[in-house]
Amino acid sequence: MPELSVFQKINDEMYSQLVSICFDSLSQKIQPSEVFSRYKTVCKNSDIEFSDLEPSLKSFLHLCKDALKSGKSAAQMHDDLQNLGMNNEQIEIFVKQWDDVRSSLIHSSTAETIPINPLVDMEWKFGVTSASSQVNSIGNVYLQMKLEVDQGNGRTKSVFFELQLSEFYAFLHEMERARASLDYLS
């Protein structure tokens, strides 16, 4: 990864614009050609050769994407940028903007990553195994679920699954954790 110390050659206003473009590209899913076109415009207006900054800009964009994936805080990003050779003023500019946009970036990247088919209907029933070829499975409690999910264009799909009681409680626990995480992000 190229060092980010090359950003020390530019003024703080230009650097702030470059960081904004980076965050816009992550949140609005701008095409790479559009991102680099905007980078080139900022460089041209500041009399800097884009080719001097391009490797560092690509690395910077990848650094931000990786930070989103791993859920890095502003303090962690501060340390990472400092280790990559950036000066404190520019790190503070980045950290301030990161704090402002981090939750919206996480939300937009999560929405893109997880395809969601809306739940249309759900049926469930508990049961107890009363007969089996295996003696140790008699008397086990289970949950059968049928989910109807909307696939778009008026089509639905039925998803069936069965959980043992212990699996159901583990599933319920994970759903409660997911809900708590979503509540925290919103």
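All values derive from a computational prediction rather than experimental measurement. (Residues numbered from 1 in each chain as written. Predicted model: local features only at pLDDT ≥ 70, side-chain atom pairs only at ≥ 80, totals over all residues. Heavy atoms only, no water.)

**Describing the overall build of the protein**
Inference 1: Check the secondary structure of the protein and you find six helices and three strands.
Inference 2: Scanning the protein from its N terminus toward the C terminus, one meets helices and strands in the order α-α-α-α-α-β-β-β-α.
Inference 3: For 186 residues, the compact-globule formula gives about 16 Å, and the C-alpha radius of gyration of the protein, at 25 Å, lies well above that figure.
Inference 4: Across its three principal directions, the C-alpha atoms of the protein cover 80 × 40 × 30 Å.
Inference 5: Taking all 186 residues of the protein together, 30% fall into the buried category.
Inference 6: For the protein, the proportion of contacts with a sequence separation of at least 24, taken over those separated by at least 6, is 55%.
Inference 7: Entry remark: accessible area of the protein is about 12,100 Å², with carbon and sulfur atoms responsible for 51%.
Inference 8: Side-chain charges of the protein comprise 17 positive and 26 negative groups, with the mean position of each set lying 6 Å from the other. (Helix = DSSP H or I, 4+ residues; strand = E, 2+ residues; numbered from the N terminus. Rg over C-alpha atoms; globule rule 2.2 N^0.38 Å. Buried < 20%, exposed > 50% of the residue type's maximum accessible area, 1.4 Å probe, protein only. Contact = heavy atoms within 4.5 Å. Areas by Shrake-Rupley, 256 points an atom, 1.4 Å probe, with all protein chains shown as cover. Lys, Arg positive; Asp, Glu negative; His and termini not counted. Charge placed at Lys NZ, Arg CZ, Asp CG, Glu CD.)

**Considering the packing of aromatic side chains**
Inference 1: Under the definition given, this model contains 13 aromatic pairs.
Inference 2: Centroid distance Phe161 to Phe171: 6.3 Å. Interplanar angle 65°. Geometry classified as edge-to-face. With Phe161 in strand S3 (residues 155-164) and Phe171 in helix H6 (residues 165-185), this pair connects stretches of sequence that are 10 residues apart.
Inference 3: Classification of Phe171 as partly exposed rests on a relative accessible area of 33%.
Inference 4: Through successive ring pairs, a cluster of aromatic residues spans Phe7, Tyr15, Phe23, Phe60, Phe94 and Trp98. (Phe/Tyr/Trp six-rings, centres within 6.5 Å; stacked < 30°, edge-to-face > 60°.)

**Brief notes about the UniProt feature "domain: COMM" (unreviewed entry) in the protein**
Inference 1: Residues given the UniProt feature "domain: COMM" (unreviewed entry) here are residues 118-186.
Inference 2: Between the C-alpha atoms that bound residues 118-186 there is a distance of 19 Å. The span itself is 30% helix and 46% strand. (UniProt positions renumbered as here; feature names shortened; annotations may be inferred.)

**Some points on the sheet that holds strand S2 (residues 141-152)**
Inference 1: The sheet built from three strands is open, its strands ordered S1-S2-S3 with antiparallel pairing. At either end of the open sheet lies a strand with only one pairing partner, and these are strand S1 (119-128) and S3. For this sheet the average axis-to-axis angle between neighbouring strands, irrespective of direction, equals 15°.
Inference 2: When S2 meets S3, the two strands line up antiparallel, connected through 10 bridges. Directly across from Met145, in S3, lies its bridge partner Phe161.
Inference 3: Sitting on the sheet, H6 touches S1, S2 and S3, and the angle it makes with S3 is about 120°. (Pairing = 2+ DSSP bridges. Axes fitted to C-alpha atoms, helices over the stretch in contact; angles between N-to-C directions.)

**With respect to the nonpolar core**
Inference 1: Within the largest apolar cluster, 38 residues are counted, with the highest numbers of intra-cluster contacts made by Phe7, Phe60 and Phe94.
Inference 2: For this core, the secondary-structure elements that each account for two or more residues are helix H1 (12-28), helix H2 (32-45), helix H3 (50-70), helix H4 (74-83) and helix H5 (88-113).
Inference 3: With sequence-adjacent residues up to four places away left out, Phe7 is seen in contact with Tyr15, Leu18, Leu53, Ser56, Leu57, Phe60, Met86 and Gln90.
Inference 4: Residues Leu143, Leu147, Leu163 and Phe168 belong to the second largest nonpolar core, which totals five residues. (Core = buried A, V, L, I, M, F, W, Y, C linked by side-chain atoms within 4.5 Å.)

**Regarding the environment of Thr156**
Inference 1: Here Thr156 is to be found in strand S3.
Inference 2: Relative accessible area serves as the criterion here: at 46%, Thr156 is assigned to the partly exposed category.
Inference 3: Linking Thr156 and Val135, residues 21 residues apart in sequence, is a C-alpha distance of 39 Å.
Inference 4: Separated by 3.4 Å, the side chains of Thr156 and Glu148 make a polar contact. (Polar contact = N/O pair within 3.5 Å; in protein donor to acceptor, adjacent residues only side chain to side chain.)

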